[in-house]
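One-letter residues, chain by chain:
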Amino acid sequence: MRDYTKAKEIFRDIIDVKYYFDSIGAEITRYKVENAIEERNAPLIFLIGDPGVGKSYILKLISKELEKKSRSIFIDHPFFDKRDLLKILYESKNIEFDKNINFNNLKERLLKEYKNDKHTIFIDEAQLLNEEQFELIRILGDTKIFQFVLSMHKEEGKAILNKKHFKSRTKVVVEYEKLHYKEVYRYIQSTLLLENLGEISQMFSLRDAKKIAKYTDGNFRTIKKFIYTLLDLLEYAKKNGLRKYGEINNNLLQMSALDIGAINDR
Amino acid sequence: MTGRAFGDLEKRSRAINRKKYFKIFIILLLIFVACTFAYIEFMKSKQIVLKKNIFIEKKIPKVKKSIINTNITKIIKQKEVKAKIDKIQKYDTVFLKPTITVPKIEKREIKNIKVNNTTIKKIDIPKIEKVLPNIQEKKKINITVKSLKDEESLLKTNKANESFETTLKLSKYYFEKSKFEKAILWSKKANHFKSSSFEPWLIYAKAKIKQNKKDEAIKAIETFLSYYNSDAARKFLQNIKGQE
């Protein structure tokens, strides 16, 4: 019995570490970041890559593991004011945050509280931070009390790294690569089998995975979107008795690519 | 997924496929046309080469050895005749137009000859016996020219109706007037009308003797005698030779 509805849910565009896929690229990135965090030589760790490759997944995964040791704070959205970062750090320690207090005093108190409790702060979509916020991160990083792991898009990330604040400082830069078609195939198989959807997993061939990788350019997020759309089409075909689309074929793959915008036919 | 959305995606997918197959078709067609064109050009160039070879071969056809031998003897004979003509021309008697009748060759003998360990077939062409016509001067043309007026009238007559008689009269007139060059010239013209007549030859030879060119006179008469049997010519020759 092919439960397309259940299969679709796995491939929704949400970050669920349960479905973390240990591709070669992901494992190398994870190893490098964890190593840098452990050594604490560099206060700033940059994780750069194209949008949707899986940076957030890695960040969240590592952050979850460090949480067990009460040493990490995960910020999945950038803050608008530099005080917001201090507020998050205060709240993490259950300390009352008074916004009326002078910024420097706030900062001084924060450093005192965290002096013997070194933390790693994960900030996702860090390319959205402004100059002032980057400056604060740099200052806090220099104290050696805080270590920052910043995930950002490749293009903006490289530009930020070239700025004077970071150029001269010790840092670790990890670049996350896209998936190879064989890894795409393995991802589909392992993810579906994890939810006991073996019948659906058998519908996918290596050739199909190659086509999917070509349409999606190996981008993790796009792959998930593609497979979600494909399963949606299969579900519709099954409901309406369209035998022609009972199995995965080139037409279905092409239709999925058209739907997600991977092919521009206009 | 709605039905409309599905239908729309299906249409778009079909349109993409149609474009793809059309592109493939065009590419295949272009490849086919290019290959055909290249093949035609190749065949054309091959034909040109063949034609050239055939042309060269035609120019140098294979000939049998026996035919080659026959041709060689023919060439030798032609050379002999040409040498004779050249001789005649050397002595300024090119105006001679002898007519010789060649007897028919009834039988040709084919002989096998060994030359350098190879056997060649030789066709023997029998010797042609010369049959010289007899010349008998029947009528002598007497001319007595007295004055310049005569010269003018002779020239006028000749101009009105040039013939052996008129040209011979002029030749004799100039000889009597000791204008030997003109006499020779007109004797040649007379000979054109009647090569078998000895008279123009006689005037020619006499004019040459007068010019102290006895050898040329002798050669001319001898040449005449080689074509024609003439007692008068023989006697004249004996006289000239006797005077040496």
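For the structure, check the block above.
All values derive from a computational prediction rather than experimental measurement. Here, residues in each chain are numbered from 1, in the same order as that chain's written sequence. Written order decides the labels, with chains lettered from A and ligands numbered from 1. A pLDDT threshold of at least 70 governs which residues receive local features in this predicted model, and a stricter bar of 80 or more applies before side-chain atom pairs are shown or counted, although totals over entire chains, interfaces and linings include all residues. Processing note: side-chain calculations cover all non-hydrogen atoms of the structure and skip hydrogens and water entirely.

1. Quick notes on the interface of chain B and chain A
Should any heavy atoms of two residues lie within 4.5 Å, those residues are counted as being in contact. Taken together, the contact pairs 13 residues of chain B with 14 residues of chain A. A buried area of about 1,300 Å², summed over both sides, lies between chain B and chain A, and 57% of it is on carbon and sulfur atoms. Buried area: the sum, over both parts, of the accessible surface (1.4 Å probe) that disappears when the two are put together. When the buried surface of chain B facing chain A is broken down by residue, Met1(B), Phe6(B) and Arg12(B) rank first, second and third, together holding 47% of it. By definition here, a salt bridge exists when the distance from a side-chain nitrogen of Lys or Arg to a carboxyl oxygen of Asp or Glu is within 4 Å. The interface formed by chain B and chain A includes two salt bridges.

2. Looking at the packing of aromatic side chains
Residue and element names in this part refer to chain B. Within 6.5 Å between ring centres, the rings of Phe, Tyr and Trp (the latter by its six-membered ring) count as paired, and their orientation is classed by plane angle as stacked under 30 degrees, edge-to-face over 60, tilted in between. By the definition in use, this model includes 14 aromatic pairs over all chains. Here the aromatic rings of phenylalanine 198 and phenylalanine 236 are separated by 6.4 Å at their centres, their planes lie at 65°, and the arrangement is edge-to-face. Taken together, the residues span a long stretch of sequence, with phenylalanine 198 in the loop between helix H5 (180-193) and helix H6 (199-210) and phenylalanine 236 in helix H8 (residues 231-242) at a distance of 38 residues. A single burial state applies to phenylalanine 198 and to phenylalanine 236, both of which are buried. Look at phenylalanine 224 and tyrosine 228: their rings are 5.1 Å apart centre to centre, the planes differ by 35°, and that puts the pair in the tilted class. The two residues phenylalanine 224 and tyrosine 228 agree in class, both being buried. For a Lys NZ or an Arg CZ to count as sitting over a ring, it must be within 6 Å of the ring centre and within 35 degrees of the ring normal. Lying over the aromatic face of tryptophan 186, lysine 189 brings its terminal NZ or CZ to 4.5 Å of the ring centre. The numbering of helices and of strands both runs from the N terminus, where a helix is a DSSP run of H or I of at least 4 residues and a strand a run of E of at least 2. Think of it in three bands: residues with accessible area under 20% of the maximum for their type are buried, residues over 50% are exposed, and the middle band is partly exposed, with areas taken using a 1.4 Å probe on protein chains only.

3. Some remarks on the pairing of strand S1 (residues 44-49) of chain A
Residues in a regular strand point their side chains to alternate faces of the sheet. Residues and elements named next belong to chain A. In terms of burial, S1 is largely enclosed, as six of its six residues are buried. Think of it this way: DSSP has to see at least two bridges between two strands before they count as a pair. Bridge count between S1 and strand S5 (residues 171-176): six bridges; the pairing is parallel. Paired with glycine 49 across the strands is tyrosine 176, a residue of S5.

4. Topic: a negative patch on the surface
All names here are of chain A. Where like charges cluster on the molecular surface, the negative patch consists of Asp50, Glu155, Glu156 and Glu177. As for its position among the elements, aspartate 50 is in the loop between S1 and helix H3 (55-67). Using a relative accessible area of 37% as the deciding quantity, one classes aspartate 50 as partly exposed. Each patch is built from residues lacking any salt bridge and having more than 30% relative accessible area; the joining distance is 9 Å for like charges and 5 Å for nonpolar side chains (Val, Leu, Ile, Met, Phe, Trp, Tyr). Residue exposure ignores everything except the shown protein chains as possible cover, and the areas themselves are Shrake-Rupley values with a 1.4 Å probe. Charged-residue counts in this description rest on Lys and Arg as positive and Asp and Glu as negative, His and the chain ends being excluded. The location of each charge is read from NZ of Lys, CZ of Arg, CG of Asp or CD of Glu.

5. Considerations on the side chain of Gln127(A)
Residues and elements named next belong to chain A. Tracing the chain through its elements places glutamine 127 in the loop between strand S3 (119-123) and helix H6 (131-142). Here glutamate 125 takes part through its side chain, which lies 2.9 Å from a polar atom of the side chain of glutamine 127. Within the local environment of glutamine 127, its side chain forms a polar contact with the backbone nitrogen of histidine 153, the two atoms lying 3.3 Å apart. Counted as a polar contact is a pair of N or O atoms within 3.5 Å, where, for protein atoms, one must be capable of donating a hydrogen and the other of accepting one, and residues adjacent in sequence contribute only when both atoms are in side chains.

6. Observations regarding the pairing of strand S4 (residues 146-153) of chain A
All names here are of chain A. By the criterion of burial, S4 is predominantly enclosed, with eight of the eight residues buried. Where S1 meets S4, six bridges bridge the pair, whose relative direction is parallel. The partner of leucine 47 across the bridge, within S4, is serine 151. Sheet analysis places S3 next to S4, joined by five bridges and oriented parallel. Following the sheet pairing, threonine 120 is matched in S4 by glutamine 147.

7. Examining the sheet that holds S4(A)
All names here are of chain A. Ordered in space as S2-S3-S4-S1-S5, the five strands form an open sheet in which the pairing is parallel. Edge positions in the sheet fall to strand S2 (72-75) and S5, since each of these pairs with one other strand and no more. Direction aside, neighbouring strands of the sheet carry axes that sit 15° apart on average. Sheet strands in contact with helix H7 (residues 154-161) are S1, S4 and S5, and its direction is about 130° off that of S4. Each axis is a line fitted through C-alpha atoms, and for a helix only the stretch in contact is used; angles between axes span 0 to 180 degrees, taken between their N-to-C directions.

8. Points about helix H2 (residues 24-39) of chain A
Residues and elements named next belong to chain A. For H2, built from 16 residues, the straight-helix expectation of 22 Å at 1.5 Å per residue is met to within 8% by its first-to-last C-alpha distance of 23 Å. The set of residues buried in H2 consists of Ala26, Thr29, Arg30, Val33, Ala36 and Ile37. One side of H2 holds all its buried residues, which, seen down the axis, span an arc of 135°. Turned more than 90 degrees from where H2 packs its buried face, Ile24, Tyr31 and Glu38 sit exposed. Where H2 is buried, its residues touch S1, H3, S3, S4 and S5. Where H2 ends, the next residue or the one after it, arginine 40, has phi of about 55°, a positive value. To estimate how far a helix should extend, the number of its residues minus one is multiplied by 1.5 Å. The directions considered for the arc run from the helix axis to the C-beta atoms.

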